[in-house]
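Okay, here's what each chain looks like letter by letter:
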Amino acid sequence: MILNESYYQTLWEKFGDVKHLTKNFETNGVQLSVKIILKHYQENKPLHINFQNSKESLFEIGRHLFIEFANDIYLNHYGLPTLKKGSKLRDKRKYSDGKKHDYIIKSIRNNSYLLEDIKNKAQLNLKYDALVNKFIPIEQGTRQSTLVGYTKYFSEINGGLKLNFTPTNFDKKTVFISHKPLWDSLIEKNKIPSSYLPNPREEDHLSETKSIPALSDCLVYFTPKYEVCYQNILLKGEKIKTIIIFDTEVDKIEQILLDKQRYGFNLFLLSNSFSPLKNQAIPCWDWFKEEIEIVNSL
C-alpha cells in the first residue's frame, strides 16, 4: 500500500486517455478502476480488482462494464443472420398507417427471398443484402419501441453511429458469472440484448430469461455459476471473448484458468474481501480503503 497523493495523481493521469462510454461515475475510485480494467481489456490481459468492504463500488463497476463490453461485441463481433423459410422479420421502414409490419419468409430461390406480410398477405421479393438492410429478424412479436430503443441506444452511445443493417447475431459474447442481483440492477438491459441463465440446482425458474425476447441472440450472458456457463455456453460451441467473475466462485478459479487456455477467453475477477484469494496467473489490484479515499479526493 502506497499512501502518497502524488503517486495516485500520477496513476490518475496514466489512465487519463482510456476512453469510456459512460460519463457519470459516483467516485473517482470507480472511474479509475473501470479505466484500468478497460486498458487490460484492450490489451487482452487478465486482471483481478479487489475492494475492501465496498460492495456499492463493485456493483457500479459491474454496471459500467456491462455497457462497455456489450458495446464492443455490438461493434466488433456481429455476424450476418442466417435466414430460412419460415423466419419472421420486422420491417424497419415507416408505413403510412403508422403500424408495425411483420413478414415471414415463404421461399428462398437463387438468393431471392419471397416475403409475405403476416397481416395483409402482401408479397415482395428481395435479395439478401437488401433484406438485412430493411428488416430485423425476430423470434416473436414485440413492440416497435423495443427494437427502435435497441438500435437507438447503440447509435447514441457511439456518437450517432448509423449501420447499413441492425446487428442481431454475434459470433462472440461476454459472460458475467454473478449472483442475480447484478442482473436485476441493470436498468439498460431492456436496450442491450442479454440473457440470464439460472442455476437449476438453486433456482425455481429454470428457463433462460432474455432482456429482449424478440431477438434470438444476445451480447452478454449472466449466470450465477461457472458450471452453467461451461455446460450451456462453452460446450455448445459459443465463442466467449471475456468472462467476468463477479464476487463469487473463487474456488473455481483454477478450473477457469485451464479452460481459459483451451477456449481462448480473457478473464477478469472483481471481489469484495479483506483477504482476497489471489492467483499468480492473474495480477491483483487490491484497493485499500485509505487508497480509495485519496483517489476520491483528487
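Numbering of residues starts from 1 in each chain and follows the order in which that chain's sequence is written. Per-residue local features are limited, in this predicted model, to residues with pLDDT of at least 70; the limit for side-chain atom pairs, both in listing and counting, is 80 or more; totals at the level of whole chains, interfaces and linings are taken over all residues. Computation of side-chain values covers all heavy atoms of the structure but excludes hydrogens and water.

K.L.:
For helix H7 (residues 226-234), give the residues involved together with the corresponding values.
P.N.:
Looking only at H7, the buried set comprises Tyr 226, Val 228, Cys 229, Tyr 230, Ile 233 and Leu 234. On its buried face, H7 sits against strand S9 (173-177), strand S12 (220-223), strand S13 (240-246) and helix H8 (253-263). Working definition: with a 1.4 Å probe on protein chains only, accessible area under 20% of the residue-type maximum means buried, over 50% means exposed, and in between means partly exposed. A run of H or I in DSSP becomes a helix once it reaches four residues, and a run of E becomes a strand once it reaches two; helices and strands are each numbered from the N terminus. Contacts are residue-level and defined by heavy atoms, with any inter-residue pair within 4.5 Å sufficient.

K.L.:
Which residues make up the side chain of Asp 102, and what values do they have?
P.N.:
Here Asp 102 is to be found in strand S4 (residues 102-109). In this structure Asp 102 comes out as buried when scored by relative accessible area, which is 13%. Beyond its immediate chain neighbours, meaning those up to four positions away, Asp 102 contacts Leu 89, Arg 90, Glu 116, Asp 117, Ile 118 and Ile 138.

K.L.:
Which residues make up the sheet that holds strand S3 (residues 88-91), and what values go with them?
P.N.:
The strand order across the open sheet built from five strands is S6-S5-S4-S3-S7, with neighbouring strands paired in antiparallel fashion. Two strands in the sheet have a free side with no partner beyond their single neighbour: strand S6 (123-127) and strand S7 (135-138). Geometrically, the sheet is characterised by an average inter-axis angle of 40 degrees between neighbouring strands, direction not taken into account. Direction of pairing for S3 relative to S4: antiparallel, over a ladder of three bridges. The residue bridging Lys 88 from the neighbouring strand is Ile 104, located in S4. Here, any two strands with at least 2 DSSP bridges between them count as paired. Here the axes come from fitting lines to C-alpha atoms, over the contacting stretch only for helices, and the angles between their N-to-C directions go from 0 to 180 degrees.

K.L.:
How would you explain the pattern of salt bridges if you had to name every residue and give the values?
P.N.:
Should a side-chain nitrogen of Lys or Arg be within 4 Å of a carboxyl oxygen of Asp or Glu, the pair is scored as a salt bridge. For the coordinates displayed, the defined rule picks out 15 salt bridges. Linking Arg 93 and Asp 91 is a salt bridge whose minimum nitrogen-to-oxygen distance equals 2.9 Å. The closest approach of N and O atoms between Glu 156 and Lys 152, which form a salt bridge, is 3.9 Å. Placement of the pair is Glu 156 and Lys 152 together in helix H5 (residues 144-157), with a separation of four residues, close to one helical turn. Classification of Lys 152 as partly exposed rests on a relative accessible area of 47%. Within this structure, Lys 39, Glu 43 and Lys 45 form a network of salt bridges that share partners.

K.L.:
Before we move on, can you summarise the packing of H7 against H8 with the specific residues and values?
P.N.:
Geometry of a packed helix pair, given as the angle between the helix axes and the separation of the axes. Where H7 meets H8, the axes come as close as 12 Å, and the angle between the chain directions of the two elements is 20 degrees. Classified by the angle between their axes, H7 and H8 sit roughly parallel to one another. Judged by the sense of rotation from one axis to the other, the crossing of H7 with H8 is left-handed. Within the contact between the two elements, H7 uses Tyr 226, Tyr 230 and Leu 234 and H8 uses Ile 256, Asp 259, Arg 262 and Tyr 263. Gly is put with the polar residues, along with every residue not named as nonpolar or charged; the nonpolar set is Ala, Val, Leu, Ile, Met, Phe, Trp, Tyr, Cys and Pro, and the charged set is Asp, Glu, Lys and Arg. In the contact of H7 with H8, the residues fall into five nonpolar, no polar and two charged. Roughly parallel here means an angle under 35 degrees, roughly antiparallel means over 145, roughly perpendicular means 65 to 115, and every remaining angle is called oblique. Two helices crossing with the near one rotated counterclockwise from the far one by less than a right angle form a left-handed crossing, whereas a clockwise rotation gives a right-handed crossing.

K.L.:
Hey, could you go over the pairing of S3 for me, with residue numbers and the actual values?
P.N.:
Where S3 and S7 come together, four bridges link them in antiparallel fashion. Across the sheet, Arg 90 pairs through a bridge with Ile 136, a residue of S7.

K.L.:
Please set out the side chain of Ser 112 residue by residue, giving values where relevant.
P.N.:
Tracing the sequence through the fold places Ser 112 in strand S5 (residues 112-117). Pairs of N or O atoms are called polar contacts if they sit within 3.5 Å, as long as, within protein, a hydrogen donor faces a hydrogen acceptor (for residues adjacent in sequence, only side-chain-to-side-chain pairs). Here Asn 125 takes part through its side chain, which lies 3.4 Å from a polar atom of the side chain of Ser 112.

K.L.:
Could you give me a rundown of empty space enclosed by the protein, with the residues and numbers involved?
P.N.:
We place a 1 Å grid over just the protein atoms. Points where a 1.4 Å probe fits but has no way out form a cavity, open points with protein on both sides within 12 Å along at least 5 of 7 lines form a pocket, and any residue with an atom within 4 Å of a point lines it. Grid points are joined across faces, edges and corners, and a volume is the space filled by probe spheres set on the points. Per the stated rule, a full pass over the model turns up one cavity of 30 Å³ or more. Each pocket or cavity is described by its volume, and for the largest cavity that value is around 40 Å³. Lining the largest cavity are Pro 193, Ser 194, Ser 195, Lys 210, Ser 211, Ile 212, Leu 215, Asp 217 and Cys 218. In terms of residue class, the lining of the largest cavity is built from four nonpolar, three polar and two charged.

K.L.:
Which residues make up the layout of surface pockets, and what values go with them?
P.N.:
In this structure, the largest pocket occupies an estimated 500 Å³ of space. Its residues placed into classes, the lining of the largest pocket shows 10 nonpolar, six polar and eight charged.

K.L.:
Tell me about the packing of aromatic side chains, and name the residues and values.
P.N.:
Pairing of aromatic side chains here covers Phe, Tyr and the six-membered ring of Trp, requires ring centres within 6.5 Å, and sorts the geometry by plane angle: under 30 degrees stacked, over 60 edge-to-face, intermediate tilted. The tally for this structure, following the rule as stated, stands at 19 aromatic pairs. For the ring pair Tyr 230 and Tyr 263, a centre distance of 6.3 Å and an interplane angle of 80 degrees mean the geometry is edge-to-face. Here Tyr 230 is found in helix H7, whereas its partner Tyr 263 is found in helix H8, with 33 residues between them in sequence. Here a set of aromatic residues connected by ring pairs shows up, and it is made of Phe 66, Phe 176, Trp 183, Tyr 196 and Phe 222. Remark: a charge is flagged as sitting over a ring if the NZ atom of Lys or the CZ atom of Arg is within 6 Å of the ring centre and within 35 degrees of the ring normal. Cation over ring: Lys 35 sits above Trp 12, and NZ or CZ is 5.6 Å from the ring centre. A cation sits over an aromatic face here: Lys 180 above Tyr 196, 5.6 Å from the ring centre.

K.L.:
Give a detailed account of the nonpolar core, specifying residues and quantitative values.
P.N.:
Residues belong to one nonpolar core when they are buried, are Ala, Val, Leu, Ile, Met, Phe, Trp, Tyr or Cys, and are joined through side-chain atoms within 4.5 Å. Judged by nonpolar contacts, the single largest core of 52 residues is most densely connected at Ile 37, Leu 219, Phe 222, Leu 270 and Trp 287. Broken down by element, the residue count for this core peaks at 10 residues, all from helix H3 (residues 55-76). The residues contacting Leu 270, other than those within four sequence positions of it, are Ile 37, Ile 49, Leu 58, Ile 61, Leu 65, Ile 244, Ile 245, Phe 246 and Asp 247. Core analysis: the next-biggest nonpolar cluster, separate from the first, contains 21 residues, Leu 197, Cys 218, Ile 233 and Ile 253 among them.

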